[in-house]
Amino acid sequence: MNKNILLLKTLLLSTSQINKLKYCNDKKKKSKIIGGIIGVVIIYLLIMGFAILTCIGYGVTGMIDAAPVMCALIVSLLAFVFTLFKTNGYLFNFKEYDMLMSLPFEPKKIAACKFLYMYIKSMAWHASISVAMMIGYGLFAKPAFYVYIIWAVLTVVLPIIPTLFASFLGFIVARVFAGFKKRNILQTIFTFIFVILAFSFRFIVEGMFENNKVKETLQSTYDMTAGAANIYLPAKWFSDAITAVDILSIVLLTGISVVLFVVLFALVGRSYRRINSQLKNHAAARSFKMRTQKKKSILNTIAYKEFKRLTGSTTYMTNGAMGVILASILGVITLFIGFDKIIGLVTKGAHFDYSVVQPSIPFIIFFFIGMVSTTCCSPSLEGKNYWIIQSLPIDKRKVYQGKMLFNMYMNVPAMALATLCMCISAGVPVLDTILYLLLGFSMCAFSTTWGCVCGIKHMKLEWENEIEVVKQGAAVTIYLLPNMFVTMIFCALSIFLGIIIGSVIPTVIFIILYSGLAAISYIGAISLARKRG
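Residues numbered from 1 in each chain as written. Predicted model: local features only at pLDDT ≥ 70, side-chain atom pairs only at ≥ 80, totals over all residues. Heavy atoms only, no water.

### A word on unusual backbone geometry
A positive phi angle is found at K142, which is not glycine, with a value near 50°. The residue K142 is located in the loop between α6 (107-141) and α7 (145-157) in this model. By relative accessible area, K142 is classed as exposed at 64%. Despite not being glycine, V245 shows a phi value in the positive range, around 45°. V245 gets classed as partly exposed once you look at its relative accessible area, which sits at 28%. (Helix = DSSP H or I, 4+ residues; strand = E, 2+ residues; numbered from the N terminus. Buried < 20%, exposed > 50% of the residue type's maximum accessible area, 1.4 Å probe, protein only.)

See the structure below:
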């Protein structure tokens, strides 16, 4: 077998959930894998449903010819964004770098295999959109049978150019910032901007349907995509290949993708070893000065270590800190715009006394802050360095107490800022404001301790990429789902009880409840830490 194919096959098999399910004998692990596969399939079906509905909208309005262009643009954008976020972890600074570089492979071939590995792992997302839009296009356009073959083949080729472009951009960033401690800042900022824009897109879609401007929006989208296709030529080639069966477009899209792939990894191969080596080390300061060392407590030292771990990983930071940032932004915006206007926007201008919503303020803020706790990720993120923690002359309970302390350091100030801003804007009485702050603190304590229980109990030290822990880990899922649903239920219950008996008594009850849950979770986390030690 060709060495490149063998390497690629090994990479895929070593991380395949189906392969793990086939050879795993642990029933608990099997159930987790099956649950993960079912969850991913549901997401794929939802994406396919959205794509088919988009084609139906174009078909009903007589603009079905815009579907191939829209498909090409969506798949290309998805491939670009996914690759940009995964480059540092899949292509560079990956776990098995030392092992792979010791094998008899050229650096450019290892880089190319890692790229293909990353590309194939993302292919299911691209195919779910493309195949669904092909079905929707076929319902209205009724093309010849060979058009479906062309569409299916070009679905494999279409994401190559945007994936290569994102990889090249990641290569440039890695090369420029290799050796610098703050190399993840640019990618992190870009991720925050993208997520905030994604949140705002929801209101644009809602406004479109509320004002019955679906047809006008589709027409403007048709014009916009047509203009974008003239700029982004691969989308135009894909569209022409489908709608006009243009052989030249098929050859251009396929040929240029192959040529760019060869050229890019010939270029990357020259610096691949040096970049990965520098990414694994820290830059040394040129002007070093000996200063008096400050003595810190063990807990604060571990908390500071968690802070450095968070800021050193784009994936970890964008998930662990996103809720804190969104809660702070919401609080500041509410202070300037007004609590009534924010609630009116959410309730579509319904006429009622907005003061009845005030008891839900702590739950609204916690819905953002409690999205992901760093404590449910950090135990697994230790990975291959876990043995170092085990060998340290430190009580293992102290390690997890330090991790919990860092999460409190990050969440409590953001909670206090957002709560004060919303209470001031809503004109909440002083006593209620103090109680809301206490409730917010107890909720932060609960999310911290409950996250630590999930993180220790479902620790995963063997992972290929941080995404497997931060986004797809069992600890995150088990932490998030009950926490999210309970928060929504308690939010509605706080409003209901506030109308009947006022806000003070229900808030005190919730403070006692969350404090008790936090205490139980803390005892559970310490008990698990002792067993792990």
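### Some details on the packing of helix α15 (residues 322-337) against helix α20 (residues 396-426)
Two elements in contact, α15 and α20, have axes whose closest approach is 8 Å; the angle formed by their N-to-C orientations is 20°. On the basis of their axis angle, the class for α15 and α20 is roughly parallel. Both α15 and α20 take part in a crossing whose hand is left-handed. Contacts from V324, A327, S328, G331, V332, T334 and L335 of α15 reach α20 at M410, N411, A414, L417, A418, C421, M422, I424 and S425. Of the residues belonging to the contact of α15 with α20, the class tally is 11 nonpolar, five polar and no charged. (Axes fitted to C-alpha atoms, helices over the stretch in contact; angles between N-to-C directions. Parallel < 35°, antiparallel > 145°, perpendicular 65-115°, else oblique. Left-handed = near helix turned anticlockwise from the far one by under 90°. Contact = heavy atoms within 4.5 Å. Nonpolar A, V, L, I, M, F, W, Y, C, P; charged D, E, K, R; others polar.)

### Some details on the packing of aromatic side chains
Here the distance between the centres and the angle between the planes together describe a pair of aromatic rings. This model, assessed by the stated rule, comprises 15 aromatic pairs. The interplanar angle of 50° and the centroid separation of 5.6 Å between the aromatic rings of F115 and F261 together place this pair among those described as tilted. One end of the pair, F115, is in helix α6; the other, F261, is in helix α12 (residues 247-279), with 146 residues separating them in the sequence. F115 sits in the buried class, given a relative accessible area of 1%. Residues F367 and F368 carry aromatic rings whose centres are separated by 6.3 Å and whose planes lie at 90° to one another, so their mutual orientation is edge-to-face. Note on F367: relative accessible area 36%, which makes it partly exposed. By relative accessible area, F368 is classed as buried at 18%. (Phe/Tyr/Trp six-rings, centres within 6.5 Å; stacked < 30°, edge-to-face > 60°.)

### Overview of the pattern of salt bridges
Side-chain pairs of opposite charge can arise where the charged atoms are in close proximity. If you walk through the whole model with that rule in mind, you get three salt bridges. One salt bridge connects K236 with D240, and the closest N-O pair in it is separated by 3.0 Å. Of this pair, K236 and D240 both sit in helix α11 (residues 233-243), four residues apart, which is roughly one turn of that helix. With relative accessibility at 31%, the residue K236 sits in the partly exposed group. In this structure, the salt-bridge partner of K403 is E306, at a minimum N-O distance of 2.7 Å. Of this pair, K403 sits in helix α20 while E306 sits in helix α13 (residues 298-311), and the two are 97 residues apart along the sequence. For the pair K403 and E306, one class covers both residues: buried. Here the residues in one salt-bridge network are K305, E306 and K403, joined through shared partners. (Salt bridge = Lys/Arg side-chain N within 4 Å of Asp/Glu carboxyl O.)

### Side note on a nonpolar patch on the surface
Side chains of L431, L493, F496, I499, I500, I501, V504, I505, V508, I509 and I512 sit close together on the surface and give an oily, nonpolar patch of about 1000 Å² of accessible area. Elements with a contribution of two residues or more to the nonpolar patch: α23 (474-501) and α24 (504-532). Among the structural elements, F496 can be located in helix α23. (Patch = residues over 30% accessible without salt bridge, like charges linked within 9 Å, V, L, I, M, F, W, Y side chains within 5 Å. Areas by Shrake-Rupley, 256 points an atom, 1.4 Å probe, with all protein chains shown as cover.)

### Quick notes on the side chain of T448
Structurally, T448 can be placed in helix α21 (residues 430-457). Given a relative accessible area of 1%, T448 falls into the buried group. Polar contacts involving the side chain of T448 include one to the side chain of N407, which spans 2.6 Å. Each residue touching T448, except ones within four places of it in the same chain, is listed here: S373, T375, M404, N407 and M408. (Polar contact = N/O pair within 3.5 Å; in protein donor to acceptor, adjacent residues only side chain to side chain.)

### Description of helix α17 (residues 361-369)
The element α17 is largely enclosed, with a buried count of seven among its nine residues. Looking at α17, one finds that the buried residues are I361, P362, F363, I365, F366, F368 and I369.

### Some remarks on the packing of α13 against α20
α20 packs onto α13 with a crossing angle of 60° between their chain directions and a minimal axis gap of 7 Å. Judged by the sense of rotation from one axis to the other, the crossing of α13 with α20 is right-handed. Side by side, α13 and α20 meet where I298, L299, N300, I302, A303, E306, F307 and L310 of the first sit next to K398, V399, Q401, G402, K403, L405, F406, Y409 and M410 of the second. For the contact of α13 with α20, the residue count by class is 11 nonpolar, three polar and three charged.

### Side note on α21
Between the first and last C-alpha of α21 there are 41 Å, a value that for 28 residues agrees with the 40 Å anticipated at 1.5 Å per step. Of all 28 residues that make up α21, 20 are buried, and the element is covered over most of its length. (Expected span 1.5 Å × (residues − 1).)

### Digging into the nonpolar core
Of all hydrophobic cores here, the largest spans 54 residues; its most connected members are F363, I365 and C377. Here this core takes 10 residues from α20, the largest share from any one element. Those residues in contact with C377 that sit more than four places away from it in its chain are Y316, V372, V469, V470 and V476. Counting 53 residues, the second largest nonpolar core, distinct from the first, contains A66, M101, L164 and A235. (Core = buried A, V, L, I, M, F, W, Y, C linked by side-chain atoms within 4.5 Å.)

### Focus: a positive patch on the surface
On the surface, a cluster of positive charge is made up of K20, K28, K29, K32, K121, K457 and K531. Looking at the positive patch, the element that brings in the most residues is helix α3 (residues 27-60), giving three residues. Within the secondary structure, K28 is located in helix α3. (Lys, Arg positive; Asp, Glu negative; His and termini not counted. Charge placed at Lys NZ, Arg CZ, Asp CG, Glu CD.)

### Quick notes on the confidence of the model for the chain
Here the chain averages 77 in pLDDT, while 77% of its residues score no lower than 70. Looking across the chain, the model is least confident in helix α9 (residues 185-210), with a mean pLDDT of 53, and most confident in α21, with 91. This stretch, residues 282-286, has a pLDDT under 50; its non-local contacts, to residues over four places away or in other chains, come to five contacts. (pLDDT = per-residue confidence, 0-100.)

### Concerning the side chain of S521
Examined against the element boundaries, S521 turns out to sit in helix α24. For S521, a relative accessible area of 8% translates into the label buried. Once residues lying within four places of it in the same chain are set aside, the contact partners of S521 are F446, T449, W450 and V453.

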